[in-house]
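# A look at the structure
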Amino acid sequence: MLRRLFAHSAHLERADAACVLGTVCFGAVTERSQQDPRLELRIPLDLLDNERPCADFWLGAAPARVERIAGVDVATDGELLFGWVQIDERAAGGLREAARQAYAAIFGALDGSQCVHPLRFWNYVPRINQPQDGLERYRHFNIGRQEAFLAAQRAAFAGAPAACAIGTEADKLAISFLAAKDAPTSIENPRQISAYHYPSEYGPRTPTFSRATLARKSRPTLFISGTASIVGHSSLHPGDPTAQTAETFVNLRTLVESANTKLARSALALERLVYTVYVRHAADLALIRKQFALEVGEHSAAALNATFLRGDICRAELLVEIEATGTAA
């Protein structure tokens, strides 16, 4: 069984530490966690509601072992695998090539492991909304990512894994990923055009991700991609963080309902998911938090344990993006 835990590294129980597959640290982290530093990725996104650094721990069901496969450091318990890569785009020859190289390395590592099926990618893209050579940098990233998927003969359209792309001020492209021995089920949102079918106005290559994936081994786990105020392929409610948050939750609720339909039972619920909320403008935090609490319940575990980060979203007009993970009851 997979567990996701947001905590300060000092609060991780000794029994849990052995099962950690990987750690992603946010905020001004000054201390190493208890895990192998090769599997501790540090992301320069500020926490908006917590003075202390926070880490995103992914825990498997059994003690994890660290391996180096095709030049990529990973940790696996045999059923699940976590890893990450960082590439300096200046050394790679640009963001497009950095994305292509990063994903080629990841697929090489997965092909050399038992866990060949990617469940979820987290892409941290430097200066994601800035223009470069006539295109927004996110679109350069999408070109390289899709080229790597196609070259590796991976599902770049229907069946693609869940993902998000968040902008940072870092110098390197950073990608963390979670994979499994068994293939997940991809889920799309009937309210939205699938990202891999977006029209050409969104760039020469479409984004490569599904709206969610459902891992069905043991206790089913839902991975919801970065989700925003998009209906069809259009961004809604420009300039209104409250309305964007509410619209985002309509999409989240639709994905949870779709997952429950595939499971043939109401095993997942909004108030039991673990959320990361990316906020473009820190000044909007209070409004976004208020609407978030209305959607999941002010005193629910989801509201109490959500993590709010200051990050740029893949479209300049979007003010909030929400991702979530949940294990079926």
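Below or above, wherever it landed, is the structure these notes cover. Just so we're clear, the structure is a prediction, and the values are computed from it rather than from any experiment. (Residues numbered from 1 in each chain as written. Predicted model: local features only at pLDDT ≥ 70, side-chain atom pairs only at ≥ 80, totals over all residues. Heavy atoms only, no water.)

## Examining the packing of aromatic side chains
The condition is simple: The aromatic pairing rule takes the rings of Phe, Tyr and Trp, using the six-membered ring of Trp, and pairs them if the centres are within 6.5 Å, calling planes under 30 degrees apart stacked, those over 60 edge-to-face and the rest tilted. Per the convention used, a helix needs a DSSP run of H or I reaching at least four residues, while a strand needs a run of E reaching at least two, with both numbered from the N terminus. Residue exposure (1.4 Å probe, protein chains only): buried if accessible area is under 20% of the type maximum, exposed if over 50%, otherwise partly exposed.
Across all of its chains, the model carries 15 aromatic pairs by this definition. Measuring from ring centre to ring centre gives 5.9 Å for Phe-249 and Tyr-275, while their planes differ by 50 degrees; the resulting arrangement is tilted. Of this pair, Phe-249 sits in helix 5 (residues 241-263) while Tyr-275 sits in strand 19 (residues 274-279), and the two are 26 residues apart along the sequence. Residue classification places Phe-249 among the buried residues on the basis of a relative accessible area of 0%.

## Some remarks on helix 3 (residues 95-111)
To keep things clear, this is the line we draw: To estimate the expected span of a helix, subtract one from its residue number and multiply by 1.5 Å. To be clear, the arc concerns the directions from the helix axis to the C-beta atoms.
Given a rise of 1.5 Å per residue, 17 residues ought to cover 24 Å, and the 24 Å separating the end C-alpha atoms of helix 3 matches this to within 8%. Buried within helix 3 we find Leu-95, Ala-98, Ala-99, Ala-102, Tyr-103, Ile-106, Phe-107, Ala-109 and Leu-110. In a view along the axis of helix 3, the buried residues occupy a sector of 160 degrees, so they form one face of it.

## Some words on the pattern of salt bridges
Note the cut-off: A pair is scored as a salt bridge if a Lys or Arg side-chain nitrogen falls within 4 Å of a carboxyl oxygen belonging to Asp or Glu.
Within the structure shown, the criterion is met by 18 salt bridges. We note a salt bridge from Arg-90 to Asp-88, for which the minimum N-O separation is 3.2 Å. With a relative accessible area of 62%, Arg-90 lands in the exposed category. Residue Arg-191 is joined to Glu-247 by a salt bridge in which the shortest nitrogen-to-oxygen separation is 2.7 Å. On the criterion of sequence distance, the pair formed by Arg-191 in the loop between strand 14 (185-187) and strand 15 (212-215) and Glu-247 in helix 5 is long-range, its members being 56 residues apart. Classification of Glu-247 as buried rests on a relative accessible area of 13%. Ionic contacts of the salt-bridge type, sharing partners, join the residues Arg-4, Asp-56, Arg-120 and Glu-323 into one network.

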